[in-house]
Amino acid sequence: MASTHPRSRSSSPATASAHPEKKPRLDISPEPAEPLEVQDAPADYQAPPSAPTSKKNAKGKKNKRLQRRAPEPFSSDDILTREVIALLGQDYVQSLIDQKLDWDAPFEQFAHLDLTVACISPSTGESLSIAQSGDRKWVIVTPLSLPGERIRARVYRHAHLHSHADLLEVLESNSEWRDMSRVQCQYFGKCAGCQYQMLSYEKQLELKRDTVIQAYKNYSGISPDLVPTIGPTIASPLQYGYRTKLTPHFQGPPHSLQKAWKRGEAPAIEDKPDWLKIGFHAVGTRNVMDIEECPIATPVINKALPVVRDTVIKNITKYKRGATLLLRDSLPLPPPEAEGDGPAADPSPSSSSSIAAEHDGHICVTDQKGTVRERVGDMLFQYTAGTFFQNNNSALVPLTSYVRDAIFPSSSTSTPTAPAPGPTHLVDAYCGSGLFSIMLAPAFSTVAGIELSAESIRAAEHNASLNASSLPTSSISFMSGDAANIFATVHDFPRAQTALIIDPPRKGTDARFIEQMVAFGASTVVYVSCNVHTQARDVGMILAQSAAHAQTEAGAGKRYVLESLCGLDLFPQTAHVEAIAVLRLV
Ligand SMILES: C[S@@+](CC[C@H](N)C(=O)[O-])C[C@H]1O[C@@H](n2cnc3c(N)ncnc32)[C@H](O)[C@@H]1O
């Protein structure tokens, strides 16, 4: 994505290796002097071209895991590396690069280190500490430790300017933050899923607010005086038992065993063998660990998990490779004739083989092609289990209400049948199966949604008809395609009365979309994002391009301002934050 950005610098990882005489330069600024410069960061992470590509570990063997590759831009690794650079200081990092020491950890693999934690990485929820060895400084990344704590850690993997370490012991704990009696999961500390169970919920929300603050400070390129005070993080009504989707993995049988089964030489599997792990990644590894319950998942999913695990165990001889399972919380589907025969009402998914459990009026669907049904406020949604839908049903009314209230600041005076004054038209870009379109439709006369997945668009159309009785006055249309294509379709919408919602995947939106949305000029834009770092980059781009557009005849002096910004907690107990930015054309 960075390379397609109109303001990309010419240097890129490829150019760096094509010009070995060029000295690798570090020029990431925590507060970029020029907007958007940080987008080319991967170039800064390139190993010096002449450097070897692997290191030897303490036993003199090649450590194949040390791969000097630039991380994917705006991936967790990329953001983490930028945080590491900010902590070490750019001048110091530049001196390491100059001496070709930036990949050269001053510690052996498996060294034990006593450290004082400096801060939590907002991107991953892990802690960062500076370790000193002689005159060398290096950052150690450790899970499950808190600022100010004295910890003992064991280094297990080296990376660029930092090493990853297991937490062996908390020597002095931050008792203001840490209370292990809060932890509700037997796997906490071993499973990579949750990072924050030892914290109060208030502290988790504070940390997520800080993540939003840091992201806009470091990655938006927006002048600090144009960034509003970041609002408090909106809480999730449920802090455990909220996850409506789990995707446990398992690894395939060892090849030797597969061969023995083929030859009929190995006994049939009755109980779960030790090598078979069905669950989530263990902290800091790609290894799967066994998980038999997940307290952040809903009750029906927890009821279904042992059933799904047993099915895998019974059938493991049929697998050559591992796989990812799917468990989705759903309301039972009514018989098709009850709601017409729209595509998402197809009853095939409710065949008993795809329902792993029932609990308290909910079922657990395990078939990717199955249909899932959820209620959000007064509306019903159906979608194919393998497609996107938000995973915390309890937080969806707060999320959609917040977005509606941002579009209509005086909406407290409106009712579902008497729309508030303000925009009359809504464009829902990246609309999935129509969550925002349908939840907000009562406030608009016309709604248009666009989404890449044709299957999600079929679901969105079905959802509009499923909720038709709640939407008597709205005209709603959906189209499948790239989000930027929507602007050709809605060219006749009155711009001053149009609101635009953008809710892209983690990689954010793109230059083509931003160029067209700026030219279109909806009066209000609400950007919802599951990756605040790409959101910060995109909002920076939108403000910069709209300032330029304002100078043109078509722009008529109007530009977007960032009116409000806050996080919303869709994933309690984890470091994830959903971010909502509201832009107004003034
Ligand atoms: C974070 S989800 C949001 C979906 C929806 N707004 C919701 O809340 O349920 C992002 C959606 O963008 C879709 N998507 C990804 N790339 C796209 C593109 N280039 N154009 C349109 N939609 C895209 C994905 O299929 C996914 O449904």
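The structure displayed is predicted, hence computed values, not measured ones.

So, how was this worked out
- Residues numbered from 1 in each chain as written.
- Predicted model: local features only at pLDDT ≥ 70, side-chain atom pairs only at ≥ 80, totals over all residues.
- Helix = DSSP H or I, 4+ residues; strand = E, 2+ residues; numbered from the N terminus.
- Buried ≥ 20, exposed ≤ 12 C-beta atoms within 10 Å, placed from the backbone.
- Contact = placed C-beta atoms within 7 Å.
- Near = placed C-beta within 6 Å.
- Nonpolar A, V, L, I, M, F, W, Y, C, P; charged D, E, K, R; others polar.
- Expected span 1.5 Å × (residues − 1).
- UniProt positions renumbered as here; feature names shortened; annotations may be inferred.
- Pairing = 2+ DSSP bridges.
- Axes fitted to C-alpha atoms, helices over the stretch in contact; angles between N-to-C directions.
- Parallel < 35°, antiparallel > 145°, perpendicular 65-115°, else oblique.
- Left-handed = near helix turned anticlockwise from the far one by under 90°.

**What to know about the overall build of the chain**
Phase 1 of the analysis: Within the chain, the regular secondary structure consists of 12 helices and 24 strands.
Phase 2 of the analysis: The buried share of the chain, reckoned over its 586 residues, is 45%.
Phase 3 of the analysis: Within the chain, counting contacts between residues at least 6 apart in sequence, those at least 24 apart form 69% of the total.

**Re the site of the ligand**
Phase 1 of the analysis: Inspection of the region around the ligand gives 19 residues, with Y430, G432, L452, A483 and D503 positioned closest.
Phase 2 of the analysis: At the level of secondary structure, the elements contributing two or more residues to the shell around the ligand comprise α8 (435-440) and β19 (446-451).
Phase 3 of the analysis: In terms of residue class, the shell around the ligand is built from 12 nonpolar, four polar and three charged.

**Quick look at helix α4 (residues 201-219)**
Phase 1 of the analysis: Taking 1.5 Å of rise per residue, 19 residues should cover 27 Å, and α4 covers 27 Å from first to last C-alpha, within 8% of that figure.
Phase 2 of the analysis: Every buried residue of α4 is listed here: Q204, L205, L207, K208, T211, V212, Q214, A215, Y216, N218 and Y219.
Phase 3 of the analysis: Buried residues in α4 make contact with α2 (76-88), β3 (112-120), α12 (532-550), β23 (560-568) and β24 (578-585).
Phase 4 of the analysis: Two residues or fewer past α4, G221 is found with a positive phi of approximately 70°.

**Some details on the UniProt feature "active site" (unreviewed entry) in the chain**
Phase 1 of the analysis: Summarizing the sequence annotation, UniProt attributes the feature "active site" (unreviewed entry) to C530 in the numbering used throughout.
Phase 2 of the analysis: Mapping C530 onto the fold places it in the loop between β22 (524-529) and α12.
Phase 3 of the analysis: Overall, the presence of 18 C-beta atoms within 10 Å leaves C530 in the partly exposed class.
Phase 4 of the analysis: If we ignore the near neighbours within four places in the chain, the residues touching C530 are R506 and E578.

**Details of the pairing of strand β6 (residues 150-158)**
Regular strands have side chains that alternate between both faces of the sheet.
Phase 1 of the analysis: Across five bridges, β3 lies against β6 in antiparallel orientation. Note on β6: the bridge partner recorded for L113 is A153.
Phase 2 of the analysis: Sheet topology places β6 next to strand β7 (residues 162-172); eight bridges connect them, and they run antiparallel. The partner of R157 across the bridge, within β7, is H164.

**Focus on the UniProt feature "binding site: S-adenosyl-L-methionine" (unreviewed entry) in the chain**
Phase 1 of the analysis: Sites flagged by UniProt as "binding site: S-adenosyl-L-methionine" (unreviewed entry) map to Q390, Y430, E451 and D503.
Phase 2 of the analysis: Topologically, Y430 is positioned in the loop between β18 (425-429) and α8.
Phase 3 of the analysis: Of the residues examined, Y430 has 23 C-beta atoms within 10 Å and is grouped as buried.
Phase 4 of the analysis: Setting aside its immediate chain neighbours within four residues, Y430 contacts E451, A483, I502, D503 and P504.
Phase 5 of the analysis: Structurally, D503 is set in the loop between β21 (498-502) and α11 (511-520).
Phase 6 of the analysis: We classify D503 as buried; it has 25 C-beta atoms within 10 Å.
Phase 7 of the analysis: In contact with D503, other than residues within four places in its own chain, are Y430, F436 and V528.

**Points about the sheet that holds strand β9 (residues 249-250)**
Phase 1 of the analysis: If you walk across this open sheet you meet the four strands as β11-β10-β9-β12, and the pairing is antiparallel. Unpaired on one side and paired on the other, β11 (288-290) and β12 (323-324) mark the two borders of the sheet.
Phase 2 of the analysis: Examined bridge by bridge, β9 and strand β10 (residues 278-281) share two bridges and lie antiparallel to one another. In the strand pairing of β10, F250 is matched with I278.

**As for the environment of Y242**
Phase 1 of the analysis: Along the chain, Y242 turns up in the loop between α4 and β8 (245-246).
Phase 2 of the analysis: Residue Y242 is classed as buried on the basis of its C-beta count, with 23 C-beta atoms lying within 10 Å.
Phase 3 of the analysis: For the pair Y242 and I301, spaced 59 residues apart in the sequence, the C-alpha separation amounts to 10 Å.
Phase 4 of the analysis: If we skip the residues at most four places from it in the chain, Y242 touches S236, I296, T298, N392, S394 and P572.

**A look at unusual backbone geometry**
Phase 1 of the analysis: The backbone of F74 sits at a positive phi, close to 65°, despite the residue not being glycine.
Phase 2 of the analysis: On the secondary structure map, F74 appears in the loop between β2 (62-63) and α2.
Phase 3 of the analysis: Note on F74: 26 C-beta atoms within 10 Å, which makes it buried.
Phase 4 of the analysis: With a phi close to 65°, Y430 is a non-glycine residue in the positive phi region.

**Here we look at the packing of α4 against α12**
Phase 1 of the analysis: Running from N to C, α4 and α12 point in directions that differ by 45°, and their axes come no closer than 9 Å. What the angle tells us is that α4 and α12 run oblique. Judged by the twist between their axes, the crossing of α4 over α12 is right-handed. Contacts between α4 and α12 involve T211, V212, A215, Y216 and Y219 from the first element and V532, H533, A536 and R537 from the second.

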